[in-house]
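Understanding the architecture of this molecule
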Amino acid sequence: MKYETVIGLEVHVELATKSKIFCSCSAEFGGEQNDHVCPACAGMPGMLPIVNKKVVDLGMTAGMMLNCDINRVTTFDKKSYYYPDLPNAYQTTQWFSPICVNGRVDIETSNGPKSIRIKQIHMEEDAGKLVHDDWSDTTLVDFNRTSVPLIEIVSQPDISSAEEAIAYLERLRDLLRFAKVSDCRWEQGSMRCDVNLSIRPEGSDVLGVRTEMKNMNSLSAITRAIKYEVARHTRALETGSEELVQETRRWDDNEGKSYAMRNKETAGDYRYFPDPNVMPVVIDDEWFDRIEKSLPELPEVKRAKYIDELGLSEYDADILADSRALCDVFDAAYAVCGNAKETANWIITECMQVLNKKKMTADMLAINGTSLGQLIKLVMEDKVSRPNAKRILASLFDKDIADVEEFAKQSGFIVSNDTSFIENIVKEVIAGDPKSVADFKGGKEKALMALFGKCMKQLKGNANPQVLREILIAEINKI
Amino acid sequence: MDIKTLERLQKLNQLNLTEEETDTLLGFFETAEKDAEILSTVNTENVERMVYVMPMTNIIREDIAKKLFTRDQLQEQAPEAMDGYWQVPRTVD
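Residues numbered from 1 in each chain as written. Chains lettered and ligands numbered in written order. Predicted model: local features only at pLDDT ≥ 70, side-chain atom pairs only at ≥ 80, totals over all residues.

Some points on the overall build of chain B
As a reminder, the rule being used: To qualify as a helix, a DSSP run of H or I must reach at least 4 residues; to qualify as a strand, a run of E must reach at least 2; elements of each kind are numbered from the N terminus. As a reference, a globule follows 2.2 Å times the number of residues to the power 0.38, and the radius of gyration itself is taken over C-alpha atoms. Exposure in this text rests on C-beta crowding, where 20 or more other C-beta atoms within 10 Å of a residue's own make it buried, 12 or fewer make it exposed, and counts in between make it partly exposed. The C-beta atoms are placed from the backbone.
Within chain B, the secondary structure is distributed over 3 helices and 3 strands. Taken over C-alpha atoms, the radius of gyration comes to 22 Å for chain B, far larger than the 12 Å a tight globule of 93 residues would show. C-alpha extents for chain B along the principal axes are approximately 55 × 45 × 25 Å. Burial analysis of chain B (93 residues in total) assigns 5% to the buried set.

A closer look at the overall build of chain A
Note the following rule: Contact between two residues is assigned when their C-beta atoms, built from the backbone, lie within 7 Å.
When helices and strands are counted, chain A shows 15 helices and 17 strands. For 479 residues, the compact-globule estimate of 2.2 N^0.38 gives 23 Å, and chain A exceeds it by more than 25% at 30 Å. C-alpha atoms of chain A, sized along the principal axes, occupy 95 × 60 × 55 Å. Across the 479 residues of chain A, 39% fall into the buried class. Within chain A, residue pairs in contact and separated by at least 24 positions form 69% of the contacts whose partners lie at least 6 positions apart.

Describing the sheet that holds strand E16 (residues 273-274) of chain A
Note the threshold: Here the rule is simple: two strands pair whenever DSSP picks up at least two bridges between them.
Across the sheet, 3 strands lie side by side as E6-E5-E16 (chain A); this open sheet has antiparallel pairing. Looking at strand neighbours, the two that pair on one side only are strand E6 (90-93) and E16 of chain A, the edges of this open sheet.

A closer look at the interface of chain A and chain B
Stated formally: Ten residues, namely Ala, Val, Leu, Ile, Met, Phe, Trp, Tyr, Cys and Pro, are considered nonpolar, four, namely Asp, Glu, Lys and Arg, are considered charged, and the remaining ones, Gly among them, are considered polar.
Taken residue by residue, the interface counts 40 residues in chain A and 31 residues in chain B. Looking at the side of chain A that touches chain B, the elements with two or more residues in it are strand E2 (51-52), helix H1 (53-65), strand E9 (129-133), strand E10 (138-142) and strand E17 (281-282) of chain A. With 5 residues, E10(A) is the single largest residue contributor to the side of chain A that touches chain B. Along the lines of polarity and charge, the residues of the side of chain A that touches chain B split into 20 nonpolar, 11 polar and 9 charged.

Considering the sheet that holds E10(A)
Pairing is antiparallel across the open sheet formed by 4 strands, whose spatial order is E9(A)-E10(A)-E3(B)-E2(B). If you trace the sheet from one side to the other, it starts and ends with E9 of chain A together with strand E2 (81-82) of chain B, each paired once. Where E9(A) lies against E10(A), 5 bridges are found, and the strand directions are antiparallel. Paired with A:Lys129 across the two strands is A:Asp142, which belongs to E10(A).

Some thoughts on unusual backbone geometry
All names here are of chain A. Even without being glycine, Asn67 reaches a positive phi, approximately 60 degrees. For Asn67, the location among the structural elements is in the loop between H1 and strand E3 (69-70). When the 15 C-beta atoms within 10 Å are taken as the criterion, Asn67 is described as partly exposed. Of note in the backbone geometry, Ala89 takes a positive phi value of approximately 65 degrees without being a glycine. Looking at the element boundaries, Ala89 is found in the loop between strand E5 (77-80) and E6.

As for helix H12 (residues 419-432) of chain A
Residue and element names in this part refer to chain A. For clarity, the cut-off: By definition here, a helix of n residues has an expected span of 1.5 Å times n minus one. The arc in question is the one spanned by the directions pointing from the helix axis to the C-beta atoms.
Taking 1.5 Å of rise per residue, the 14 residues of H12 would be expected to cover 20 Å, and the 20 Å separating its terminal C-alpha atoms lies within 8% of that figure. Among the residues making up H12, those that are buried are Ile422, Ile425, Val426, Val429 and Ile430. Buried residues of H12, seen end-on, are gathered within an arc of 135 degrees and therefore sit on one face of the element. Projecting away from the buried face of H12 at angles above 90 degrees are the exposed residues Ser420, Asn424, Ala431 and Gly432. Here the buried face of H12 lies against helix H13 (434-441), helix H14 (445-458) and helix H15 (465-478).

Remarks on the domain arrangement of chain A
Put simply, an interface is often sized by how much accessible area is lost when its parts join up. Convention followed: Domain start and stop points were drawn from an automatic or database domain assignment.
Its domain assignment divides chain A into domain 1 (3-282), domain 2 (297-410) and domain 3 (419-478). The centre of domain 2 of chain A, based on its C-alpha atoms, is set 33 Å off from the matching centre of domain 3 of chain A.

Focus on the confidence of the model for chain B
Should the pLDDT be low somewhere, the predicted coordinates at that spot are not to be read in detail. The test is simple: In predicted models, pLDDT denotes the confidence assigned by the predictor to each residue on a 0 to 100 scale.
For chain B, per-residue confidence averages 91 on the pLDDT scale, and residues scoring 70 or more make up 99% of the total. Mean pLDDT in chain B bottoms out at helix H1 (residues 3-12) of chain B, which sits at 87, and peaks at strand E1 (residues 60-61) of chain B, which reaches 96.

Brief notes about H13(A)
Residue and element names in this part refer to chain A. Within the span of H13, buried status applies to Ser436, Val437 and Phe440. What you see down the axis of H13 is that its buried residues fit within an arc of 105 degrees, all on one side. Exposed side chains of H13 directed beyond 90 degrees from the buried face belong to Pro434 and Lys435. Of the surrounding secondary structure, the elements contacted by the buried residues of H13 are H12, H14 and H15.

Structure, rendered in structure tokens:
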């Protein structure tokens, strides 16, 4: 018998906020244990949660990027869950009226385009971290991550293979990063995925027994886990090797196997009930419109625009359109200097080099694009040499420079147009290196480069190379 | 509320009740259920469910991170703490 796979994904994404969802503690990743904690997120009695407005902004943004309907009145609920990583013994989440419902993500598969429906997106708090200490035989609790804001994106069971799951997750990641909802870093846990999977005879409309694998944190592990589970379910149905039960399973990526964890609690077990401490959030037209207007163009729209309208190569456009930060800097710089190819080169080559040195990713590019545009313009107008422009670029990473030409002047980086000044330097260099002069006259072309280098050094790079070369040859010919 | 449901709730809430506590709770639930039955006779048709006592919405704040307490202050009252962590009985699911 032929079987078909039915997969639904629940994706947790940590939101790009400075503070936690219900208190003002830092939401930054890492830090000393329990350094980002206050009485509210430590679950102390009497503390009241206050919703972070940015969380609602980003929840709405995610919903709009994923073609969802936005619930204009959205509320929070308590999900009972007794475990030490949640100090309140419940998670504040959304059950009855989540912020977004009924969305859609379009993906490309080897069988053509496909839409994956989104059931809902809800906002909630993350749990803390537990460290099991064998020496004291106790569990140590770190609440730094407790109450860090998350959205959970719940898909309908429309995915039918590992390939489709990966295409969906990659598209989700692209859209959310582009809209600055999250940095979506699997390795830091800011994007995590629960895989719900079952199989059924091809063509059947009855769902099979579903198993869930929680907290998957890499695309390769998700691929392997799905393939393993499909094979296990198929074997169980075909040979009766085991009885399939609805359960949560842990995926061990080293062993390449999944293990049963516990019987899946049903929704009733979580005993959801409205949280009377968190007042409803009402999204009025003004708020809704503000978020709608802030949505970025989709990455593929940017890419097409860069190729079709600005004449960039596919290679350049692919790199730029992969990161909202690169696009923002590119757009602002191009608006000032008007040369798309030159701007792309400066970002892809020079800026990326600085980012690599700082061990930063493209998404972290935070220089002022307008200033970069001014700098590129100065280079194009031969007012600043390329080596000196690179020095100015390094400064742009450290501080906001509103007037780059003024900064270049103050730093002594403006190319001299004073030919008599250049001539004097050239004469000095020639007088000090008669051997190179003689070598050049004797036909050794390289000797000219040595003299050229010495002149440029004395001029601190502030000379038009062509002008300098012409003056140098003219002065040598006079000898 | 029967003993089976109570046992299930015990498990979900990681409680370990004595026989005496179980009997007391069953008695309590019996009374509570009777009270609920009386309440359920009230006609609530067209009455919206009340969750929030105060008619307030949008109690929200700007996204500004602040550090208001030190770890030591917070752990002053912790029953057990170690190396900056809260310490609890070994818990592995």
